[in-house]
Amino acid sequence: MTTKPPLYVVFEGGEGTYKTSTIAAVADRLTNHGYRVLVTSEPGTPHLPVTMELRKIMLDNKYDAYLPPYAREFISQAIRQIHIEKLIRPAYNSGLYDVILQDRGIMSGIIYAEACGVDATDFTPEGLLQTGIADAFRIYDLTIVLNREKHSLDIATSVKDEFGSGDAMESRGDDFHSTVNAKFKEYSNVLSATYDKCSTRSLKSINVDEYDGKPLALSTYIFDIINRHAAKKSVL
């Protein structure tokens, strides 16, 4: 008897796009509808404490001055490899889950790395780094990109305060995050063209400005998208 693989959903987007709170709400709703859900994240997941230690070095502001762009990126790549090999792959093959919801993945990793100064050509098959944007298409069944028309650093920094000395990415200011937001839109368009040719994988870009003050409407909309894809994949 073969196990049905779960639907693998990744949420992408810049700071302050309500990813974490939306994922929690969607996970609750999926669970209430009988889905067995695994919620995880990159870079770093509480399911694997070693990745949280690496995340702290990568993102805690007190280490920022010690990390040139490629040093930070190699930590990011290490976190992803540990995450995939020690959590995602076993979960995918276990038969224990119907849906995997992930906060950030390859798209976020590449966009933030480029914004920090890593050469985009290193994310190609001939480049130095392990994963490129095409890998997102091969790995995730459904990519949900949450976008804002205009980045608000106030929104981003009010959402969480993970490190006492601040977050190295959030601390980079509005110009940095405007560049990041533009990249999410650019890569969404790039991947959409690829996904459009595939009947089993999909990308959905959502403008969260339309849902300001309406978190239930946003989570309901995304739940409906995931529910349809899960039915298509016959995970229930």
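See the structure shown above.
Model, not experiment: these values are computed from the prediction.

(A) Region of interest: the overall build of the protein. A tally of helices and strands in the protein yields eight helices and five strands. Ordered by position in the sequence, the α and β elements of the protein form the string β-α-β-α-α-β-α-α-β-α-α-β-α. Across the 236 residues in the protein, those meeting the buried criterion constitute 49%. Pairs at least 24 apart in sequence give 79% of the contacts found in the protein among residues at least 6 apart. Here the protein has roughly 11,300 Å² of accessible surface; of this, 55% comes from carbon and sulfur atoms.

(B) Geometry of the pattern of salt bridges. This structure, assessed with the given rule, holds 12 salt bridges. Ionic pairing is found between Arg104 and Glu15, a salt bridge with its closest N-O pair at 3.4 Å. Here Arg104, found in the loop between strand E3 (99-103) and helix H4 (106-116), pairs with Glu15, found in the loop between strand E1 (7-13) and helix H1 (19-32); they are 89 residues apart in sequence, far enough to count as distant. As far as burial versus exposure is concerned, Arg104 and Glu15 are alike and both buried. Salt-bridge contacts for Asp98 lead to Arg36; the nearest nitrogen and oxygen are separated by 3.0 Å. You can see Asp98 sitting in the loop between helix H3 (69-94) and E3 and its partner Arg36 sitting in the loop between H1 and strand E2 (37-41), a full 62 residues away along the chain. Given the relative accessible area of 38%, Arg36 is considered partly exposed. Connected through salt bridges with shared partners, the residues Asp64, Arg72 and Arg172 form a single ionic network.

(C) Geometry of the packing of helix H2 (residues 49-59) against H3. Following both chains from N to C, one finds H2 and H3 inclined at 165 degrees, their axes separated by 10 Å at the closest point. Of the possible angle classes, the one that applies to H2 and H3 is roughly antiparallel. Crossing hand, H2 versus H3: left-handed. Of H3, the residues touching H2 (which contributes Val50, Thr51, Leu54, Arg55, Ile57 and Met58) are Arg72, Ile75, Ser76, Ile79 and Ile82. Its residues placed into classes, the contact of H2 with H3 shows seven nonpolar, two polar and two charged.

(D) Looking closely at the sheet that holds strand E5 (residues 202-207). Strand order in the open sheet formed by five strands is E2-E3-E1-E4-E5, with parallel pairing between adjacent strands. Strands at the two margins of the open sheet, each flanked by one partner only, are E2 and E5. For this sheet, the mean inter-axis angle between neighbouring strands, taken without regard to orientation, is 20 degrees. Direction of pairing for strand E4 (residues 142-147) relative to E5: parallel, over a ladder of six bridges. Bridge pairing in E5 places Asn147 opposite Asn207. Helix-sheet contacts for H1 involve E1, E2, E3 and E4, and the interaxial angle to E3 is about 170 degrees.

(E) A look at the packing of aromatic side chains. According to the stated counting rule, one finds four aromatic pairs in the structure shown. When the centroid spacing of 6.4 Å and the interplanar angle of 70 degrees are considered together, the rings of Tyr112 and Phe184 count as edge-to-face. Separated by 72 residues along the polypeptide, Tyr112 in helix H4 and Phe184 in helix H7 (residues 174-195) bring together distant segments of the chain. For the pair shown, Tyr112 and Phe184 are each scored as buried.

Rules used throughout
- Residues numbered from 1 in each chain as written.
- Predicted model: local features only at pLDDT ≥ 70, side-chain atom pairs only at ≥ 80, totals over all residues.
- Heavy atoms only, no water.
- Helix = DSSP H or I, 4+ residues; strand = E, 2+ residues; numbered from the N terminus.
- Buried < 20%, exposed > 50% of the residue type's maximum accessible area, 1.4 Å probe, protein only.
- Contact = heavy atoms within 4.5 Å.
- Areas by Shrake-Rupley, 256 points an atom, 1.4 Å probe, with all protein chains shown as cover.
- Salt bridge = Lys/Arg side-chain N within 4 Å of Asp/Glu carboxyl O.
- Axes fitted to C-alpha atoms, helices over the stretch in contact; angles between N-to-C directions.
- Parallel < 35°, antiparallel > 145°, perpendicular 65-115°, else oblique.
- Left-handed = near helix turned anticlockwise from the far one by under 90°.
- Nonpolar A, V, L, I, M, F, W, Y, C, P; charged D, E, K, R; others polar.
- Pairing = 2+ DSSP bridges.
- Phe/Tyr/Trp six-rings, centres within 6.5 Å; stacked < 30°, edge-to-face > 60°.

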